[in-house]
Amino acid sequence: MHVAPVGGTAVQDHVALAEIELCGELIIAASAAEEERLSLESIDEVLKVAEEREGRKVTTPG
């Protein structure tokens, strides 16, 4: 039998944890929604897609 050493050598995958958190937010929003399905706009709002787009500057080659 193998026992993990004392001191916590667990590795965290920050991307996976962020994805799990976003999935949880979507599940909560879906369960609270009155309609059968979340609209694309509602999903974007939950995932804060618009905020992310506004945070980035879009430059066009010119």
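**Description of the overall build of the protein**
Part 1 of the argument: Along the backbone of the protein there are 3 helices and 0 strands.
Part 2 of the argument: Shown N-terminal to C-terminal, the secondary structure of the protein runs as helices and strands in the order α-α-α.
Part 3 of the argument: Here the protein, with 62 residues, has 2% of them falling under the buried criterion.
Part 4 of the argument: Working note: accessible area of the protein is about 6,100 Å², and carbon and sulfur atoms make up 57% of it.

**What about helix 1 (residues 14-32)?**
Part 1 of the argument: End to end, helix 1 covers 27 Å across 19 residues, agreeing with the expected 27 Å (1.5 Å per residue, within 8%).
Part 2 of the argument: Two to three positions downstream of the cap, the backbone nitrogen of V15 sits 3.2 Å from a side-chain oxygen, assigning the N-cap of helix 1 to D13.

**Regarding unusual backbone geometry**
The phi angle of most residues is negative, glycine excepted, and most peptide bonds adopt the trans form.
Part 1 of the argument: Unusually for a residue other than glycine, K48 sits at a positive phi of about 60 degrees.
Part 2 of the argument: The residue K48 is located in the loop between helix 2 (40-47) and helix 3 (49-55) in this model.

**What to know about the packing of helix 1 against helix 2**
Part 1 of the argument: Taken N-terminus to C-terminus, the directions of helix 1 and helix 2 make an angle of 135 degrees; their axes are 10 Å apart at the nearest point. On the basis of the axis angle, helix 1 is oblique to helix 2. Handedness of the helix 1/helix 2 crossing: right-handed. Between helix 1 and helix 2, the contacting residues are L22, E25, L26 and A29 on the first element and I43, V46 and L47 on the second.
Part 2 of the argument: Of the residues contributing to the contact of helix 1 with helix 2, the split by class is 6 nonpolar, no polar and 1 charged.

**Some remarks on the confidence of the model for the protein**
Part 1 of the argument: Overall, the predicted model of the protein reaches an average pLDDT of 79, with 68% of residues at or above 70.
Part 2 of the argument: Per-element mean pLDDT across the protein ranges from 73 in helix 3 up to 92 in helix 1.

Thresholds, definitions, all that
Residues numbered from 1 in each chain as written. Predicted model: local features only at pLDDT ≥ 70, side-chain atom pairs only at ≥ 80, totals over all residues. Heavy atoms only, no water. Helix = DSSP H or I, 4+ residues; strand = E, 2+ residues; numbered from the N terminus. Buried < 20%, exposed > 50% of the residue type's maximum accessible area, 1.4 Å probe, protein only. Areas by Shrake-Rupley, 256 points an atom, 1.4 Å probe, with all protein chains shown as cover. Expected span 1.5 Å × (residues − 1). Polar contact = N/O pair within 3.5 Å; in protein donor to acceptor, adjacent residues only side chain to side chain. Axes fitted to C-alpha atoms, helices over the stretch in contact; angles between N-to-C directions. Parallel < 35°, antiparallel > 145°, perpendicular 65-115°, else oblique. Left-handed = near helix turned anticlockwise from the far one by under 90°. Contact = heavy atoms within 4.5 Å. Nonpolar A, V, L, I, M, F, W, Y, C, P; charged D, E, K, R; others polar. pLDDT = per-residue confidence, 0-100.

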